[in-house]
Amino acid sequence: MAHQKIQHKDVRNNRIVITGIGVVSSIGIGKEDFWQALKQGKSGIKPVTLFDTSSMQSKLAGEIADFKAEEILGEKGLRNLDRATKLALCASELALHDSELKITEQNTDHIGVVLGSTMGSVRSISEFDKEGIMNGPRSVNPALFSNTVINSPASQISIRLQIKGLSATISSGFSSALDAVKYAIDCINSNKSSAVLVGGAEELCEQTFKGFYKLKLLSASRKNDKEMICPFDVRRNGMILGEGAAFFLIEKLSSAINRKAPIYAEIIGYGTGFDYKSVNRYRFDSCGPDKSIKSAITSAKINFSDVSFVASSANSDVKGDAMEANAVKKFFGVKKIAVPAIKSMIGETFSASGAMQLAAAVLMMKNQFLAPTINYDYADEQCPIDCVPNEGRPLKINYSLVNAFGLTGQHSSLVLSGGRI
Amino acid sequence: MKANSETVIEEVRQLVAKIIETNPAKVDLDARFEDLGADSMMMLEILVAVEKKFKIEIPESDLPKMTSLKEIINILNSR
């Protein structure tokens, strides 16, 4: 992939850029495979094989069916790591490799790791407790205990990559990964870190799947609807879960220039908003997303009309998609801006979703091409937006907005600049 | 327990090799687990795995003694 020609107009000291990308997803592992699949509108949704779904009407997910962590990480040291940790390790390893940054004794104290994750330990906690309850406390494997704490994947990344600086985990539901990016930026700008590996990771597991199913959030979980993920389409009837991890190396622009690193995009704005009326349900009222989008654009010091596309958070929830469409319409007008929803291909990856959308947005900017929203056949008047239906298309892109909205009240947005860095 | 039978020795050898992530052929009767790359967490894992396999309880005070395959067999023999 050819990097855009970058122009170093103004090397202020607090400009943060993305210099490495690592993705592990149900449609491709590594940024190239991920991008080719996105571009072609490939679906990663398939029947679940990780656990038995026979007792449920929902049976599909964006599972990474052939995930083999050892192909990226080598054979040793993986035996006791849970799936979420292995996903995070692979994506962070790929991002670091992509950034061409070498971790040395001289720089390791100033390299950080920040992970957005919320459900990553649910299966491990459940399995550990089940073993103790069924076979007695002496039977539990002590080496598996560390998987039950939510900060374990971030720590494992630091251990494996021999990183001695900041290690943090941000757990704020659907917006975790974007909030992790904001935390990482603050750590760099306060000189606590010079570069941070930041991202999100979630595994697909029976426990999470059943939880979402019981809350009737999954497609086909309410009645005999066809199980499908079709953001913004009038047939939508709930989300389909996915899994994966995406990581980025971020650092100051001056640092990236000094080490002649590949620069993908600059992160120029962040906003967040909490809707306290949202309790395990999306609301058509978009007050949280409104605040998130408005504060992100304001902090980026650009106009709404400067934004070329919105990397959407829509996941095929009836109210959730309408909520985002409502917010987009309010600020960008009716069908005036492209709003591709990549969850149509990879499913709802929860805490990792912000990182997935961020990776997709960066790659769309880099390639000046919009990925499509697939499975879009029937328009919904509640979602009067251009979601780039079914086929991608080229577009001149300078700025983009990345949304990570959820049903737990927390909403966050990020603004990227890809042109004049 | 008649732990010095070849079957039991082989079962423990396989179990230890899996935890230490090494070739079972390297787990000689006298080879020290530490020399094979075992850390303190792996030693605890070995103790729990042996307990589970042979449905016995090994006091944690025996953990420092479990330094080789031979020592584990001795502990099993003393049950």
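Residues numbered from 1 in each chain as written. Chains lettered and ligands numbered in written order. Predicted model: local features only at pLDDT ≥ 70, side-chain atom pairs only at ≥ 80, totals over all residues.

Attention now moves to the overall build of chain B. Along its length, chain B carries 3 helices and 0 strands. Taken over the C-alpha trace, chain B has a radius of gyration of 11 Å; the compact-globule value for 79 residues is 12 Å, and the two agree within 12%. The principal-axis extents of the C-alpha atoms in chain B amount to approximately 30 × 25 × 20 Å. Considering chain B as a whole, with its 79 residues, one finds that 24% of them fall into the buried category. Looking at chain B alone, contacts between residues at least 24 apart form 51% of all its contacts between residues at least 6 apart. (Helix = DSSP H or I, 4+ residues; strand = E, 2+ residues; numbered from the N terminus. Rg over C-alpha atoms; globule rule 2.2 N^0.38 Å. Buried ≥ 20, exposed ≤ 12 C-beta atoms within 10 Å, placed from the backbone. Contact = placed C-beta atoms within 7 Å.)

A separate point is unusual backbone geometry. All names here are of chain A. Despite not being glycine, K335 has its phi angle at roughly 55 degrees, a positive value. With respect to the element layout, K335 can be found in the loop between α11 (318-332) and α12 (343-346). Despite not being glycine, F350 shows a phi value in the positive range, around 55 degrees. With respect to the secondary-structure elements, F350 resides in the loop between α12 and α13 (353-367).

This part takes up helix α1 (residues 31-40) of chain A. All names here are of chain A. Burial in α1 covers these residues: K31, F34, W35, A37 and L38. In a view along the axis of α1, the buried residues occupy a sector of 165 degrees, so they form one face of it. Those residues of α1 hidden inside the fold are in contact with β1 (16-25), β2 (28-29), α3 (83-99), α12 and α13. Phi for G41, located one or two positions after α1, is positive at around 70 degrees. (Arc of directions from axis to C-beta.)

Before going further, it helps to spend a moment on the domain arrangement of chain A. Residues and elements named next belong to chain A. By domain assignment, chain A separates into domain 1 (16-258) and domain 2 (269-417). Inter-centroid distance (C-alpha atoms) of domain 1 to domain 2 is 21 Å. Each partner contributes residues to the interface: domain 1 has 58 residues there, and domain 2 has 59 residues. Secondary-structure elements contributing two or more residues to the side of domain 1 that touches domain 2 are β1, α1, α7 (176-189), β7 (195-202) and β8 (244-252). The element contributing the most residues to the side of domain 1 that touches domain 2 is α7, with 6 residues. Its residues assigned to classes, the side of domain 1 that touches domain 2 comprises 28 nonpolar, 20 polar and 10 charged. (Domains from an automatic or database assignment. Nonpolar A, V, L, I, M, F, W, Y, C, P; charged D, E, K, R; others polar.)

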